[in-house]
Amino acid sequence: MKRQRQDILGKTIALLLAMQLFLIGLQAKTRIDQGNSTLETLTWLIQQYIPVLVKVKSLEEKTPKKEDSKPKVKR
C-alpha cells in the first residue's frame, strides 16, 4: 500500500513539474509576442528552467530505484 502511495505521489509530482515547464514555455512565447528579443527571452527561459531541473534531479536522487528495493539473492 505504501509503495502504491509513493508511486502516485511520484507521478503527481512529475505531472506538476511538467506543467510548470509547459507554463514557463507559454510565458516565454508571450514575452516574444510582446516584443522582447528572442535572445533575451531565451536567457530568461534558461533561468526559469534551471531551478525546475534541479528539483527533478534531487527527486531522482531521493527515489530508490526498483532494482535496489528487491532483495538480493546470494549465490
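It should be emphasised that the depicted structure is a prediction, and the values quoted were computed from it without experimental measurement. (Residues numbered from 1 in each chain as written. Predicted model: local features only at pLDDT ≥ 70, side-chain atom pairs only at ≥ 80, totals over all residues. Heavy atoms only, no water.)

Visitor: Any chance you could explain the environment of Glu 60 here in plain terms?
Guide: Within the element layout of this structure, Glu 60 appears in helix H2 (residues 38–62). The sequence separation of Glu 60 and Gly 10 amounts to 50 residues, and the corresponding C-alpha distance is 9.9 Å. (Helix = DSSP H or I, 4+ residues; strand = E, 2+ residues; numbered from the N terminus.)

Visitor: What am I meant to see in the nonpolar core here?
Guide: Nonpolar side chains tend to gather and get buried jointly when the protein is soluble and globular. Counting residues in each nonpolar core, the largest one holds six residues, listed as Leu 17, Ile 24, Ala 28, Trp 44, Leu 45 and Val 52. The set of elements that each furnish at least two residues to this core consists of helix H1 (2–33) and H2. If sequence neighbours within four positions are ignored, Leu 17 has contacts with Val 52, Lys 55, Val 56 and Leu 59. (Core = buried A, V, L, I, M, F, W, Y, C linked by side-chain atoms within 4.5 Å. Buried < 20%, exposed > 50% of the residue type's maximum accessible area, 1.4 Å probe, protein only. Contact = heavy atoms within 4.5 Å.)

Visitor: Could you clarify how one ought to interpret the pattern of salt bridges in this entry?
Guide: As a working rule, side chains carrying opposite charge can pair if their charged atoms are close by. Within this structure, the stated rule accounts for one salt bridge. Notably, a salt bridge pairs Lys 29 with Asp 33, separated by 3.0 Å at the nearest N-O pair. Within this pair, Lys 29 and its partner Asp 33 are both found in helix H1, separated by four residues, close to a single helical turn. For Lys 29, a relative accessible area of 49% puts it in the partly exposed group. The class of Asp 33 is exposed, set by a relative accessible area of 57%. (Salt bridge = Lys/Arg side-chain N within 4 Å of Asp/Glu carboxyl O.)

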